[in-house]
Amino acid sequence: MPAATRARRTVFVDGVRTPFGRARPDGLYAHTRADDLVVKTVRELLRRHPQLPPDRVDEVAIAATTQQGDQGLTLGRTVAMLAGLPTTVPGYAIDRMCAGAMTAVTTVAGAIAVGSVDVALAGGVEHMGRHPMGFDAEPNPRFLAERLVAADALNMGVTAENLHDRFPALTRERADAYGAASQRKYAEALAAGKVEPDLVPVATRDPERGWGLATADEPPRPGTTVEAIAGLPTPFRPGGRVTAGTAAPLTDGAASCLLAAEDTAAELGLPVAMRLVQFAYAGVEPEIMGVGPVPATRRALERAGLTIDDIGLFEVNEAFAVQVLAFLDAFGIADDDPRVNEYGGAIAVGHPLASSGVRLMTQLARQFAEHPEVRYGLTTMCVGLGQGGTVVWENPHHADYVPTTDEEAAR
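Residues numbered from 1 in each chain as written. Predicted model: local features only at pLDDT ≥ 70, side-chain atom pairs only at ≥ 80, totals over all residues. Heavy atoms only, no water.

### Re the environment of methionine 133
To keep things clear, this is the line we draw: Numbered from the N terminus, helices here are DSSP runs of H or I no shorter than four residues, and strands are runs of E no shorter than two. Contacts are assigned to residue pairs with any non-hydrogen atoms lying within 4.5 Å of each other.
For methionine 133, the location among the structural elements is in the loop between strand 5 (119–127) and helix 4 (142–145). Residues methionine 133 and threonine 65, 68 residues apart in the sequence, show an inter-C-alpha distance of 7.2 Å. Among residues more than four places away in sequence, those in contact with methionine 133 are Thr66, Met97, Met128, Met156 and Leu353.

Written out as structure tokens, the structure reads:
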């Protein structure tokens with residue numbers, strides 16, 4: 001039997017995304033292919049890191065929730081080819097609904113840990129204008145016939161209303177305040193130059209308006225106030241609490257990141273933005289899918305030997321404000337804690353489903369560079385049909401960070 005080898009450490013080298021557009025007939029990407037969006041992000045990562053020989057990329061994992069049309073056909077492989085990588089570079093598609101890109105990252109990290117991959121690209125895309133969530137899907141009738149889920153569990157907005165019902169402390173007033181704060185924080189981050197470095201300009205074409213260039217996110221509504229949100233209708237339930245001001249808008253966009261084994265990154269001269277410490281996924285009742293990040297985070301922290309007090313920065317996907325508030329309450333964190341979503345979140349910028357996990361990671365990596373005093377952070381999100389996913393990361397800029405090479409020398 002071969003001797004057991006120690007698992008290799010996975011590092012996040014860099015991440016980028018397209019500007020996000022509104023999923024509607026006149027949106028930024030109404031006439032742009034989904035696969036072209038994600039190809040743009042992969043090409044940008046290769047451009048930013050010329051020290052990486054393209055043939056050293058061992059895998060390309062790309063997620064999409066609705067895998068049809070220009071989001072189908074084994075995206076990882078087709079994106080690799082369209083991005084100009086050598087034909088020797090393999091790829092695959094992946095789906096865990098909202099946590100698609102997150103799952104692409106953690107799946108690749110497992111391959112790196114066992115030594116079958118040295119360098120990989122992982123990401124996700126969602127063109128919700130062309131491929132609405134669940135479009136043409138055919139849920140098995142047993143779900144309802146055997147009462148495996150409630151009839152409303154397939155409507156994400158209704159599951160958010162259910163969270164308000166289940167936890168009375170999660171009031172509409174708190175959700176409205178959180179929604180306005182997300183818009184404000186995003187606007188402040190944009191003004192401070194903290195958003196643009198992550199964006200890859202995308203050439204667009206409109207049959208009537210001609211060629212254009214997408215350089216900024218389309219969904220944000222700067223200046224949104226609590227009073228304005230309070231006056232919005234509740235589309236998921238008469239007299240409900242979830243509104244357009246406390247939910248992520250339907251969005252088109254893509255995001256990708258470059259991952260590597262830490263020793264390979266050192267060999268190739270690739271920067272280390274953060275190290276993957278641990279990850280976990282967990283299932284919950286589909287009717288209240290928004291609580292998924294809570295058990296996923298508890299499981300990830302336990303596996304990492306950490307507690308919530310060790311986490312200095314949080315990137316929580318804002319599918320709905322109430323979902324974030326449920327997470328904060330579970331861990332005793334204040335609604336306005338500055339460690340949470342420092343640059344705002346999906347309520348402002350949008351949530352192109354399978355791509356959002358890498359957006360969270362890219363923002364956390366940037367915040368790590370700004371906060372060397374913080375050693376650990378996490379990215380977490382809820383997932384349709386009752387799941388949650390969490391990844392714990394370590395900041396290489398922290399004084400106690402020990403690279404692989406130094407760790408090996410100490411043994």
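### Side note on the UniProt feature "domain: Thiolase C-terminal" (unreviewed entry) in the protein chain
Quick reminder of the rule: UniProt positions are given in the numbering used here, feature names are shortened, and annotations may be inferred rather than shown by experiment.
Here, the residues flagged by UniProt with the feature "domain: Thiolase C-terminal" (unreviewed entry) are residues 273–394. Taken as a whole, residues 273–394 contains 34% helix and 26% strand, while its terminal C-alpha atoms sit 9 Å from one another.

### Description of the pairing of strand 10 (residues 311–316)
Convention followed: Summary of the burial criterion: residues with accessible area below 20% of their type's maximum are buried, those above 50% are exposed, and those between are partly exposed, where the area comes from a 1.4 Å probe applied to protein chains only. A pair of strands is labelled paired if DSSP reports no fewer than 2 bridges between them.
Across the six residues of strand 10, six count as buried, placing the element largely inside the fold. Strand direction decides the pairing type here: strand 10 and strand 11 (residues 376–383), joined by five bridges, are parallel. When the sheet's bridge partners are listed, valine 316 is paired in strand 11 with threonine 380.

### Focus: the UniProt feature "active site" (unreviewed entry) in the protein chain
We count it as follows: Points on a 1 Å grid over protein atoms alone make up a cavity when a 1.4 Å probe fits among them but cannot get out, and a pocket when they form an open set with protein on both sides within 12 Å along at least five of seven lines; lining residues each have an atom within 4 Å of a point.
The UniProt record annotates "active site" (unreviewed entry) at Cys98, His351 and Cys382. Annotated residues spanning 285 residues; largest pairwise C-alpha distance 11.9 Å, indicating a single compact cluster. As for the lining of the largest pocket, the annotated residues named previously contribute Cys98, His351 and Cys382. In this structure, cysteine 98 sits in the loop between strand 4 (91–94) and helix 3 (100–114).

### With respect to a nonpolar patch on the surface
Definition in use: Residues qualify for a patch when their relative accessible area is over 30% and they have no salt bridge, like charges being joined within 9 Å and the nonpolar side chains of Val, Leu, Ile, Met, Phe, Trp and Tyr within 5 Å. Working definition of accessibility: Shrake-Rupley area with a 1.4 Å probe, residue cover restricted to the visible protein chains. Any carboxyl oxygen of Asp or Glu within 4 Å of a side-chain nitrogen of Lys or Arg constitutes a salt bridge here.
Taken together, the side chains of Phe143, Leu144 and Leu148 make up a nonpolar region of the molecular surface, amounting to roughly 270 Å² of accessible area. Judged by its relative accessible area of 34%, phenylalanine 143 falls in the partly exposed class.

### Digging into the packing of helix 3 against helix 12 (residues 356–370)
Threshold: In this description, a line fitted to the C-alpha atoms serves as the axis of each element, helices being fitted only across the stretch in contact, and the angle between N-to-C directions of two axes falls anywhere from 0 to 180 degrees. Reported orientations rely on four angle classes, namely roughly parallel under 35 degrees, roughly antiparallel over 145, roughly perpendicular from 65 to 115, and oblique for the rest. Under the scheme applied here, ten amino acids are nonpolar (Ala, Val, Leu, Ile, Met, Phe, Trp, Tyr, Cys and Pro), four are charged (Asp, Glu, Lys and Arg), and all others, including Gly, are polar.
Interaxial distance between helix 3 and helix 12 falls to 5 Å at its minimum, and their mutual angle equals 70°. Viewed along their axes, helix 3 and helix 12 adopt a mutual orientation that is roughly perpendicular. Listed contacts from helix 12 to Ala101, Met102 and Val105 of helix 3 are Gly357, Val358 and Met361. Its residues placed into classes, the contact of helix 3 with helix 12 shows five nonpolar, one polar and no charged.

### Focus: the pattern of salt bridges
According to the stated counting rule, one finds 26 salt bridges in the structure shown. Here arginine 48 and aspartate 14 are joined by a salt bridge, their closest N and O atoms 3.8 Å apart. A residue pair is termed long-range when its members are at least 10 positions apart, and arginine 48 in helix 1 (residues 34–48) and aspartate 14 in strand 1 (residues 10–17) qualify at 34 residues. The class of aspartate 14 is buried, set by a relative accessible area of 15%. For the salt bridge of aspartate 35 with arginine 33, the shortest nitrogen-to-oxygen distance reads 2.8 Å. Under the relative-accessibility criterion, aspartate 35 is labelled buried at 9%. Residue classification places arginine 33 among the partly exposed residues on the basis of a relative accessible area of 38%.

### Side note on the side chain of serine 256
To keep it simple, the criterion reads: Counted as a polar contact is a pair of N or O atoms within 3.5 Å, where, for protein atoms, one must be capable of donating a hydrogen and the other of accepting one, and residues adjacent in sequence contribute only when both atoms are in side chains.
Secondary-structure assignment places serine 256 in strand 8 (residues 251–261). The buried category is assigned to serine 256, whose relative accessible area is 1%. Only 2.7 Å separates the side chain of serine 256 from the side chain of threonine 41, close enough to count as a polar contact. Discounting residues that sit within four places of it in the chain, serine 256 has contacts with Asp14, Gly15, Val16, Val38, Thr41, Val42, Leu45, Ile62, Ala122, Gly123 and Val358.

### Brief notes about unusual backbone geometry
Of note, arginine 147 is a non-glycine position whose phi angle comes to about 55°, a positive value. One can find arginine 147 in the loop between helix 4 and helix 5 (156–166). In this model, asparagine 341 sits at a positive phi of 45°, which is unusual for a non-glycine residue. Structurally, asparagine 341 is set in the loop between helix 10 (321–330) and helix 11 (346–349). Given a relative accessible area of 0%, asparagine 341 falls into the buried group.

### Here's the deal with the nonpolar core
The cut-off we apply is this: Nonpolar cores are built from buried Ala, Val, Leu, Ile, Met, Phe, Trp, Tyr and Cys residues. Side-chain atoms within 4.5 Å join them into one set.
If you look at the biggest cluster of nonpolar residues, it comprises 42 residues, and the most contacted ones within it are Phe12, Val105, Leu259, Met274, Met361 and Trp393. Looking at this core, the elements with two or more residues in it are strand 3 (59–63), helix 3, strand 5, strand 8, strand 9 (274–283), helix 12, strand 11 and strand 12 (387–394). When residues of this core are assigned to their parent elements, the largest contribution, eight residues, is made by helix 3. Ignoring any residue separated from it by four or fewer positions in sequence, one finds methionine 361 in contact with Phe12, Met102, Val105, Met274, Thr379, Val391 and Trp393.

### Let's talk about the packing of aromatic side chains
To describe a pair of aromatic rings, you give the distance between the ring centres and the angle between the ring planes. Applied cut-off: Two rings from Phe, Tyr or Trp (for Trp, the six-membered ring) form a pair when their centres sit within 6.5 Å of each other. Planes less than 30 degrees apart are called stacked, planes more than 60 degrees apart edge-to-face, and all others tilted.
This structure, assessed with the given rule, holds four aromatic pairs. Where phenylalanine 12 meets tryptophan 393, the ring centres are 5.9 Å apart and the plane angle is 80°; that geometry is what we call edge-to-face. With a gap of 381 residues between them, phenylalanine 12 in strand 1 and tryptophan 393 in strand 12 connect regions that are remote in the sequence. In this pair, the class of phenylalanine 12 matches that of tryptophan 393, namely buried. Look at phenylalanine 327 and phenylalanine 331: their rings are 5.0 Å apart centre to centre, the planes differ by 55°, and that puts the pair in the tilted class. A relative accessible area of 15% means that phenylalanine 331 is categorised as buried.

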